[in-house]
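# Chain and residue survey
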Amino acid sequence: MKFKDNLPIYLQIEDYIYLQIAQGKLQAGEKLPSVRALALELTVNANTVQRALREMTAKGYIFTKRGEGSFVTTDEGLLEEMKSKLLKQELAAFVSRMEKLGVKRESLTGLLASYLDDTREE
Amino acid sequence: MIGFKQTFAAMFKEKSRTTRLSLGIEAIFILLISLYFGIRYGFGSDSAGIGIGIAATVIFCVGIWYQIDVIMAAYRVNRSQTWRQVPVTAGNFLTANVLTGLVTAVIFALANLLIFVITLLPFIFGGEMRIDSQAVATFQPYVSSISNWLLYMTLFALVSFAGDICFWLLITESASVLGDFLPLKGRTSKFAKAVILLALLALLSWGSSSILGAVIRMVSNSGFDFNFVIDNTGLHTSQTDLGLPVISWLYMLAELVYVAILWAAEYFVFKKGVEAKK
Amino acid sequence: MKTLEIKDLSYHKNSKTILERVNLTLEAGKIVALVGANGAGKTSLMRVIAGLAKQYKGSVEVCGEADEDRRKQYIAMTDSLSAFRDSRKIKDVADFYRLVYPDFDDKQFADILEFMNLNEDERLGSLSKGMKEKLIIALVFSRKAKLYLLDEPFSGVDAMSRKKIIKSMLLWKPEEATLVISDHVLDEIAPVIDEVVLIKKHSVLEQRSAEEIRAEQESIEEWYEGFYEGEE
């Protein structure tokens, strides 16, 4: 995985794990890989992974069992909230890019609808 | 941290590789020469004696080269980044370095003696060399005296060789320290360095030569006419066993003190100023 | 806990200034990049810390130990292995390490060697630049040290070997140990470091947390290059 170099990495690690949860690669209540394993997988510093996990724990998305590691929360409401946050983030990025291309907000839905129509068969 | 023993063991392991290699090459070379002359002129013949002459010369030259190499190896270890990272105190490091040099040199000398004896074997068993019983009888009363002196000189040579290693380490390392830290530039720096080094060299040489000179004078005045070995009428002393006079041990003590001073000076220079080479 | 504490360090050679009034403290467990232009004094700083350079002024403490010889026991520094001839095998070098470093771990050395795809029967002379650097890293991380000093471990090393070296740092650095990597570029190690220490004009110009720099929407490379703008 490649990180953006002008954004704190712990934030990007958080996003990476949220994505894994949203995609179902990590289920509610499932154990997260160890700090070391995550650090290796992402080729980042273990301290940075630890910080990301700390932030996520504070937000309630994961919880730690002493001596066992970190687990995804079983609070479905919280997970839904997280997923919708993720969707909002993606949409915000999409909208801002379209705006840069000169597309007005009002015409966005129309454009998107016709694009979806066009590509339906494929 | 590791102690003296481990440092010594590690240094000996690395240094004795050179010893083994040099001895191996030398032994093969001498063996080939002896075989060549033996096959050509017959083993044990007078003409095959040329082989012994050549072997002796080779051993002599290799011996001198090896002494220089021991000193250079000690210098390389002191300057080596690989060695200087080792967690050991400077005192243990330096002592191990000097003593491994000494020990490998002793092994080298003994092995050379063995090689030479082996080249002599065909002559001893070939019947060309006879032992003169009369000469042995004349020689008999002095054997213990002569072996005492030989032992003394061997011991003295050992102590002086340890001193030699310290001596040259001190000179070469002073040169590197001056090269690194003398706060002068260009030609002035080179000139100052040369003057300091020459003065040091002169001072230290004077020290060693005065002790060595005294010992040599003492030995040569000991009452032995060393011509005895060559022609057996030349023994002019009435004493049967001279033993070792007290003064010889005083000279040994002086040499030991001198070596200790050299070691201490080298320790100071090494600890305070000798950097590992990049 | 402080792993390294340098106070008022100055180091001169002949009449040349190499380091001047260096103050630096490194905490335990950190991965630190030591950056600066070639000749800025990075290698000299490491050599002073490791007790390989002499006649400096000021104090250097590693794990609270100021004595030049005694602090060596806590330090594992990369070494070009110049004391070994090309004909020597990797296992000969390992034998040497085992003999002189009480903290050398055989099992770990075997593991790292395998990870690096190196064979202990290979001769030093037959190793490429990248392979040799991997061996050097393997030797360093086979020791259980408190302070690891890697002096330009990536110079002349191909991209694949670089990745392996970085992974091995993450795999084998003990948690509480501090790792210092010197380099004149930052591209590949940027994601793995905690802190950057910038050496310029013979001294420590800046010491910053990597995430702190990124939080200001600046990449570490841009931040680093900012110090050299208008100089070329």
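From a predicted model like this one, the values you see are computed outputs, not experimental measurements.

## With respect to the overall build of chain A
Helices and strands together make up the secondary structure of chain A, namely 5 helices and 2 strands. Moving toward the C terminus, one meets the helices and strands of chain A in the order α-α-α-β-β-α-α. The C-alpha radius of gyration computed for chain A amounts to 18 Å, which surpasses the reference 14 Å derived for 122 residues by more than 25%, pointing to a less compact arrangement than a globule. Judged by the C-alpha coordinates and their principal axes, chain A covers about 55 × 30 × 30 Å. Counting over 122 residues, chain A shows a buried share of 20%. Taking the intrachain contacts of chain A between residues at least 6 apart in sequence as the baseline, contacts between residues at least 24 apart amount to 54%.

## Side note on the sheet that holds strand β1 (residues 2–13) of chain C
Neighbouring strands of a sheet are bound in pairs by backbone hydrogen bonds; such pairs are parallel or else antiparallel. All names here are of chain C. A sheet is described by the order of its strands in space; here 3 strands give the open sequence β2-β1-β4, paired in antiparallel fashion. The strands lining the two open edges of the sheet, one partner per strand, are β2 (16–27) and β4 (56–62). Across this sheet, the average inter-strand angle for adjacent strands is 10 degrees, counted without regard to direction. The pairing of β1 with β2 spans 8 bridges and is classified as antiparallel. Each bridged residue has a counterpart across the sheet, and for Glu5 the counterpart in β2 is Thr25.

## A closer look at the sheet that holds strand β7 (residues 178–183) of chain C
All names here are of chain C. Taken together, the 6 strands give an open sheet; going across it, the order is β5-β6-β7-β3-β8-β9, and neighbouring strands pair in mixed fashion. Single-partner strands in this sheet number two, and they are β5 (75–77) and β9 (203–209). Along the sheet, successive strands turn relative to each other by an average axial angle of 20 degrees, direction set aside. Note: strand β8 (residues 195–200) against β9, 6 bridges, orientation antiparallel.

## Observations concerning the interface of chain A and chain C
Accessible area lost during the coming together of the parts is what is often quoted as the interface size. Listed by partner, the interface residues are 15 residues for chain A and 19 residues for chain C. Mapped onto the side of chain A that touches chain C, the elements with two or more residues apiece are α1 (9–22), α2 (35–42) and α3 (46–59) of chain A. If one sorts the elements of the side of chain A that touches chain C by residue count, α3 of chain A sits on top with 3 residues. Counted by class, the side of chain A that touches chain C contains 9 nonpolar, 5 polar and 1 charged residues.

## Comments concerning the arrangement of the chains
Ranking the 2 pairs of chains in contact by number of contacts places chains B and C first. Across all C-alpha pairs, the smallest distance from chain A to chain B is 28 Å, and the two are not in contact.

## Digging into the pairing of β8 of chain C
All names here are of chain C. Of the pairings in the sheet, the one linking strand β3 (residues 31–35) to β8 comprises 4 bridges and is parallel in character. Within β8, the residue paired with Val32 across the bridge is Glu195. The loop that links β8 with its antiparallel partner β9 comprises 2 residues; one of these, Lys201, has a positive phi angle of about 50 degrees.

## Regarding the interface of chain C and chain B
Facing 22 residues of chain C, the contacting portion of chain B comprises 27 residues. With 3 residues, helix α2 (residues 90–100) of chain C is the single largest residue contributor to the side of chain C that touches chain B. Residue classes in the side of chain C that touches chain B are distributed as 10 nonpolar, 6 polar and 6 charged.

## As for the pairing of strand β1 (residues 62–65) of chain A
The side chains of a regular strand alternate between both faces of the sheet. All names here are of chain A. Across 4 bridges, the pairing between β1 and strand β2 (residues 69–72) is antiparallel. Across the sheet, the residue bridging to Thr64 is Ser70, located in β2. As consecutive antiparallel partners, β1 and β2 are separated by 3 residues, and within that stretch Gly67 has a phi angle of approximately 80 degrees, a positive value.

## What to know about the packing of α1 of chain A against helix α4 (residues 76–100) of chain A
Residue and element names in this part refer to chain A. It is the contact of α1 with α4, at a shortest axis distance of 10 Å, that shows an interaxial angle of 115 degrees. In terms of axis orientation, α1 runs roughly perpendicular to α4. Seen along the crossing, α1 lies across α4 with a hand that is left-handed. Between α1, through Tyr18, Leu19, Ile21 and Ala22, and α4, the contact on the second element is made entirely by Leu79, Met82, Lys83 and Leu86. Across the contact of α1 with α4, the residue classes break down as 7 nonpolar, no polar and 1 charged.

## Let's talk about the packing of α2 of chain A against α3 of chain A
All names here are of chain A. In contact at an axis separation of 9 Å, α2 and α3 are set at 115 degrees when each is read in the N-to-C sense. Comparing the axis directions of α2 and α3 gives the class roughly perpendicular. Where α2 crosses over α3, the handedness of that crossing is right-handed. Contacts from Val35, Arg36, Leu38 and Ala39 in α2 reach Ala46, Val49, Gln50 and Leu53 in α3.

Rules and cut-offs
Residues numbered from 1 in each chain as written. Chains lettered and ligands numbered in written order. Predicted model: local features only at pLDDT ≥ 70, side-chain atom pairs only at ≥ 80, totals over all residues. Helix = DSSP H or I, 4+ residues; strand = E, 2+ residues; numbered from the N terminus. Rg over C-alpha atoms; globule rule 2.2 N^0.38 Å. Buried ≥ 20, exposed ≤ 12 C-beta atoms within 10 Å, placed from the backbone. Contact = placed C-beta atoms within 7 Å. Pairing = 2+ DSSP bridges. Axes fitted to C-alpha atoms, helices over the stretch in contact; angles between N-to-C directions. Nonpolar A, V, L, I, M, F, W, Y, C, P; charged D, E, K, R; others polar. Parallel < 35°, antiparallel > 145°, perpendicular 65-115°, else oblique. Left-handed = near helix turned anticlockwise from the far one by under 90°.

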